[in-house]
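# Observations on chain architecture
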Amino acid sequence: MKILWDKPIDVSLLIHEDMLFWPNDPKFQREWVAKISEGKNANLSKITLGSHTGTHIDTPYHFLDHGKTLENIDISRFYGFAKVFEIKNPNKILLQDIETLPIEEGDIILFKTKNSLLLKENIFHDDYVGLSLEAARYLADKNVKTIGIDYLSIGPRGDEGREVHRILLGKEIGIIEGLNLLEIKEGRYFMMALPLKIKGGEGSPVRAILFPIEE
């Protein structure tokens, strides 16, 4: 087995003013503090964005009031060998969709769904594909390391999605949301998706990279 370090695949979303946002989340804004074209010595900007902008991770504190925050989480959950699975179910990731997959304890699991096409649009879709409660419980019982998905939430919108988060985060399973997996094939990769180290942070944008593996 050989990791192809010279062939990185960027699976993060581009951050810009017109990108897709979760409804009511803070939008990305940039203000130029200094510009060379205006006689300054350097270009310098100030940015404002929500902590769950684009491709990002959730910490336990996002849904659990006594959960760990960014400076205290296990950073190793966000790098390592990952398995990408394509789920064809157009509505939800159900237990029967994943129980026969080769998912083992300690795995990083990335789900590619119809969401990968939805991410190309700057319109929020309520009918994105998320993990069902039963699937979340199954993965939590498997003690996987991290779960990633190709939309802005790991769970469906509403109460079920919030409970999916609590199930996973209650076991400190890593969550990566907003992955751009449209051009990614099923298989094994080496992944890096490191968050910022923000005191008290409940989430952080990441630059998610996959490296192909030559078996």
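Refer to the structure printed above.
This section reports on the structure supplied with the text. (Residues numbered from 1 in each chain as written. Predicted model: local features only at pLDDT ≥ 70, side-chain atom pairs only at ≥ 80, totals over all residues. Heavy atoms only, no water.)

### Things to note about the environment of Leu101
If you trace the backbone, Leu101 turns up in the loop between α1 (95–98) and β7 (108–112). Counting along the chain gives 28 residues from Leu101 to Ile73, while the straight-line C-alpha distance between them is 28 Å. Once residues within four sequence positions are removed from consideration, Leu101 is found in contact with Phe85 and Ile87. (Helix = DSSP H or I, 4+ residues; strand = E, 2+ residues; numbered from the N terminus. Contact = heavy atoms within 4.5 Å.)

### A few points about the packing of aromatic side chains
Scanning the entire structure with this criterion turns up eight aromatic pairs. One aromatic cluster is present, formed by Trp5, Phe81, Phe190 and Phe211 through successive ring pairs. Lying over the aromatic face of Trp32, Lys35 brings its terminal NZ or CZ to 4.7 Å of the ring centre. The side chain of Lys145 reaches across the aromatic face of Tyr79, ending 5.8 Å from its centre. (Phe/Tyr/Trp six-rings, centres within 6.5 Å; stacked < 30°, edge-to-face > 60°. Lys NZ or Arg CZ within 6 Å of the ring centre and 35° of its normal.)

### Quick look at a nonpolar patch on the surface
A contiguous nonpolar patch, built from Trp5, Ile75, Tyr79, Met192 and Leu194 and spanning about 460 Å² of accessible area, is present on the exposed surface. Along the chain, Leu194 turns up in the loop between β10 (187–192) and β11 (203–205). (Patch = residues over 30% accessible without salt bridge, like charges linked within 9 Å, V, L, I, M, F, W, Y side chains within 5 Å. Areas by Shrake-Rupley, 256 points an atom, 1.4 Å probe, with all protein chains shown as cover. Salt bridge = Lys/Arg side-chain N within 4 Å of Asp/Glu carboxyl O.)

### Structural notes on the nonpolar core
One finds Ile98, Phe111, Leu131, Leu139, Ile147 and Leu168 to be the most contacted residues of the largest nonpolar core, which totals 26 residues. Looking at this core, the elements that each hand over two or more residues are β7, α3 (133–141), β8 (146–149) and α4 (159–170). With six residues, α3 is the largest single contributor of residues to this core. The contact partners of Ile98, leaving out residues within four places of it in the chain, are Ile87, Ile93, Ile103, Phe111, Ala135, Tyr138 and Leu139. (Core = buried A, V, L, I, M, F, W, Y, C linked by side-chain atoms within 4.5 Å. Buried < 20%, exposed > 50% of the residue type's maximum accessible area, 1.4 Å probe, protein only.)

### A closer look at the environment of Ala42
As for its placement among the helices and strands, Ala42 is situated in the loop between β3 (29–34) and β4 (44–48). When near neighbours in sequence (up to four residues on either side) are disregarded, Ala42 contacts Ala34, Lys35 and Ile36.

### As for the pairing of strand β9 (residues 174–177)
On a regular strand, each side chain points to the face opposite its neighbour's, so the side chains alternate between the two faces of the sheet. Of the two faces of β9, the one lined by Gly174 and Ile176 and the one lined by Ile175 and Glu177 are each fully buried. The pairing of strand β5 (residues 56–58) with β9 spans three bridges and is antiparallel. Counterpart to His56 in the pairing with β9 is Glu177. Relative to β9, β8 runs parallel, the two being bridged by three bridges. Its bridge partner being in β9, Gly148 is matched across the sheet by Ile176. Each parallel crossover has a hand, and for β8 linked through α4 to β9 it is right-handed. (Pairing = 2+ DSSP bridges. Right-handed = clockwise from strand over helix to strand, strands pointing away.)

### Focus: the pattern of salt bridges
Enumeration over the complete set of coordinates arrives at eleven salt bridges. As a salt-bridge pair, Asp10 and Arg207 come within 2.7 Å of each other at their nearest N and O atoms. A residue pair is termed long-range when its members are at least 10 positions apart, and Asp10 in strand β2 (residues 9–10) and Arg207 in the loop between β11 and β12 (209–214) qualify at 197 residues. A salt bridge links Glu215 to Arg188; the shortest N-O distance between them is 3.2 Å. Taken together, the residues Glu215 in the segment after β12 and Arg188 in strand β10 connect sequence positions 27 residues apart. Residue Glu215 is classed as exposed on the basis of its relative accessible area of 66%.

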